[in-house]
Amino acid sequence: MDDERRFQEALRSLRVWDTTLPGFDPADVPDEPVELFRRWFVAAVGGGVVEPHTMTLGTVDGDGLPDSRVVMLHGADGRGWHFASHSGSAKGRQLADRPVAALTFYWAAQGRQVRVRGRVVAGTRAEAYADLHARTTGALASALVGRQSEPLGSLDELAAASTAAWERAVAEPDADAPSWTPYLVEPREVEFFQGDERRRHVRLRYRRHDDGLWERELLWP
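Residues numbered from 1 in each chain as written. Predicted model: local features only at pLDDT ≥ 70, side-chain atom pairs only at ≥ 80, totals over all residues. Heavy atoms only, no water.

A. Seen up close, the nonpolar core. Counting residues in each nonpolar core, the largest one holds 30 residues, and the members touching the most others are F37, W81 and V114. Those elements that provide at least two residues to this core are α2 (33-46), β1 (54-60), β4 (81-86), β5 (100-107), β6 (112-122), β7 (180-194) and β8 (202-208). At 5 residues, the largest contribution of residues to this core is made by α2. Excluding its chain neighbours within four sequence positions, the residues that come into contact with F37 are L73, A76, W81, F105, W107, V114 and F192. A143, L144, A165 and A175 belong to the second-largest nonpolar core, a separate cluster that totals 11 residues. (Core = buried A, V, L, I, M, F, W, Y, C linked by side-chain atoms within 4.5 Å. Buried < 20%, exposed > 50% of the residue type's maximum accessible area, 1.4 Å probe, protein only. Helix = DSSP H or I, 4+ residues; strand = E, 2+ residues; numbered from the N terminus. Contact = heavy atoms within 4.5 Å.)

B. Main features of the side chain of S89. Residue position: S89 is located in the loop between β4 and α3 (90-97). Classification of S89 by relative accessible area gives buried; the value is 0%. A polar contact of 3.4 Å, which involves the side chain of S89, links it to the side chain of S85. Of the polar contacts made by the side chain of S89, one reaches the backbone oxygen of H86; its length is 2.7 Å. Not counting chain neighbours up to four residues away, the residues in contact with S89 comprise Q148 and S149. (Polar contact = N/O pair within 3.5 Å; in protein donor to acceptor, adjacent residues only side chain to side chain.)

C. Representation of a nonpolar patch on the surface within the structure. Judged by side-chain polarity, F7, L11 and L14 come together as a nonpolar surface patch covering roughly 320 Å² of accessible area. With respect to the helices and strands, the residue L14 is situated in the loop between α1 (2-13) and α2. Classification of L14 as exposed rests on a relative accessible area of 58%. (Patch = residues over 30% accessible without salt bridge, like charges linked within 9 Å, V, L, I, M, F, W, Y side chains within 5 Å. Areas by Shrake-Rupley, 256 points an atom, 1.4 Å probe, with all protein chains shown as cover. Salt bridge = Lys/Arg side-chain N within 4 Å of Asp/Glu carboxyl O.)

D. Representation of the pattern of salt bridges. Tallied over the entire structure, the rule returns 19 salt bridges. The closest approach of N and O atoms between E217 and R207, which form a salt bridge, is 3.5 Å. Placement of E217 in strand β9 (residues 214-219) and of R207 in strand β8 is noted, with a sequence separation of 10 residues between them. Accessibility expressed as a relative area gives 35% for R207, which makes it partly exposed. Taken together, the salt bridges that share partners define one network made up of R117, E189, R205, R207 and E217.

E. Structural context of the pairing of β7. Across the 15 residues that make up β7, a large majority, 13, are buried. Taken together, the 6 bridges between β4 and β7 define a ladder with antiparallel strand orientation. Across the sheet, W81 pairs through a bridge with V185, a residue of β7. Summarising the sheet, β6 and β7 pair through 11 bridges and their orientation is antiparallel. Among the inter-strand pairings, V116 is bridged to a residue of β7, identified as V190. Inspection of the sheet shows β7 paired to β8 by 6 bridges, in the antiparallel sense. Bridge pairing links E189 to R207 in β8. (Pairing = 2+ DSSP bridges.)

Spelled out as structure tokens, the structure:
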């Protein structure tokens, strides 16, 4: 009961957005959502948001159940939002079976969220290799370990595999990880949420039509 009481006290002690948040005028936005996302992302970096390039990735498993985890953004352009992972991981298998996903960015210091939903397309081997070697030695070593989402026997086993992978990444900086796969989320909907201290949150949703043009609409908070 002490743990439960401490949890409830900690939970009730928290306050949200007891600060001045940036404004957001939905009448002054670009025609396409990626442009607005880039503006907000640069503002998040400039505002000192910790790890603004991390995002929650939601997928659907073989039983139709939702699944989610935090991954790193690798880019955002006119095609959509980019990330990468191992094709044999849980998310890789889920995306192969049901190639749809949702992304959520949350920048608490600014009271902002960005939500993206759409179809997912896997990249080519050439794109995978380029993505893998655009990153750090540590990222390459992690990719070389592989076996993501498989059961692990012990932390000692992980330490040995990680050490071997790091040594290989240093000795062979051009090494490839065959299961490493870039993914692209082609957005059908993108929502921008600006929190407000008085809870008059502003929500703007972009929806793409079959002709590729975007429609904008406001949503009740």
